[in-house]
Amino acid sequence: MDWTPIHTDMAFWRENVTKFETQNHQVLRVLLKLMEVSNEARTLAVACHDLSQFMQAHPHGKHVVQDLGGKELAMGLMAHPEPEVQKQALLCVQKLMISNWQVFQAA
């Protein structure tokens, strides 16, 4: 996986977030599998970032990610040797811990 504009476009995430629910959250399961097995730092960073974007855009995203085991995977990647993976994993875990995004978006 690589960084493309779509990964950082919040409008894309808001418009397409419900598509991530199809086939029992198959796309999220693929992201989580990449976070579990990939050795490529960029892939790990992008997967963590995409998971974060999903949680921010989906009204129940945090619970979905937790139910699929994403919290444990993200926490494990916070100890990755690559700084960008650490950063994206930390941001992902932060989004798992925050309850009300509107407070932070207004600031």
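Residues numbered from 1 in each chain as written. Predicted model: local features only at pLDDT ≥ 70, side-chain atom pairs only at ≥ 80, totals over all residues. Heavy atoms only, no water.

Quick word on the overall build of the chain
Heads up, the condition is: Helix and strand assignments come from DSSP, with helices taken as H or I runs of at least 4 residues and strands as E runs of at least 2, each series counted from the N terminus. Relative accessibility decides the category of a residue: with a 1.4 Å probe and only protein chains considered, values under 20% of the type maximum give buried, values over 50% give exposed, and everything between is partly exposed. Two residues form a contact once any of their heavy atoms are found within 4.5 Å. With residues, only the protein chains shown are counted as cover, and all accessible areas are computed by Shrake-Rupley using a 1.4 Å probe.
Summing up its helical and strand segments, the chain has eight helices and zero strands in all. N-terminal to C-terminal, the α/β element order of the chain is α-α-α-α-α-α-α-α. Counting only C-alpha atoms, the chain reaches 35 × 30 × 30 Å along its principal axes. Residues classed as buried in the chain amount to 42% of the 107 residues present. A separation threshold of at least 6 residues defines the contact pool for the chain, and within that pool the share at least 24 residues apart is 66%. Taken as a whole, the chain presents about 6,200 Å² of accessible surface, with 55% of it coming from carbon and sulfur.

Topic: the pattern of salt bridges
The condition is simple: Should a side-chain nitrogen of Lys or Arg be within 4 Å of a carboxyl oxygen of Asp or Glu, the pair is scored as a salt bridge.
Across all of its chains, the model carries two salt bridges by this definition. As a salt-bridge pair, Arg42 and Asp2 come within 3.4 Å of each other at their nearest N and O atoms. In this pair, Arg42 sits in helix α4 (residues 41-57) while Asp2 sits in the segment before α1 (5-8), placing the two residues 40 residues apart along the sequence.

Focus: the environment of Arg29
Mapping Arg29 onto the fold places it in helix α3 (residues 22-37). Sequence-wise, Arg29 and Val65 are 36 residues apart; in three dimensions their C-alpha atoms are separated by 9.2 Å. Beyond its immediate stretch of four places on either side in the chain, Arg29 contacts Asn24 and Leu68.

Notes on unusual backbone geometry
Leaving glycine aside, a negative phi is the common case for residues, and trans is the common case for peptide bonds. Even without a glycine there, the phi angle at Gln23 is positive, about 50 degrees. Checked against the element boundaries, Gln23 lands in helix α3. For Gln23, a relative accessible area of 66% gives the class exposed.

Remarks on helix α6 (residues 70-77)
Given 3.6 residues to a turn, an α-helix orients residues that are three or four positions apart in the same direction. The following threshold applies: Arc definition: directions from the helix axis to the C-beta atoms.
Along α6, the residues classified as buried are Gly70, Ala74 and Leu77. Along α6, the residues classed as buried sweep out an arc of 60 degrees about the axis, all on the same side. Taken together, the buried residues of α6 touch α3, α4, α5 (61-67) and α7 (83-97).

Details of the environment of Thr43
Looking at where Thr43 falls in the secondary structure, it is placed in helix α4. Counting along the chain gives 41 residues from Thr43 to Asp2, while the straight-line C-alpha distance between them is 6.4 Å. Discounting residues that sit within four places of it in the chain, Thr43 has contacts with Met1, Leu34 and Ser38.

Coordinates in, geometry out; function isn't part of it.
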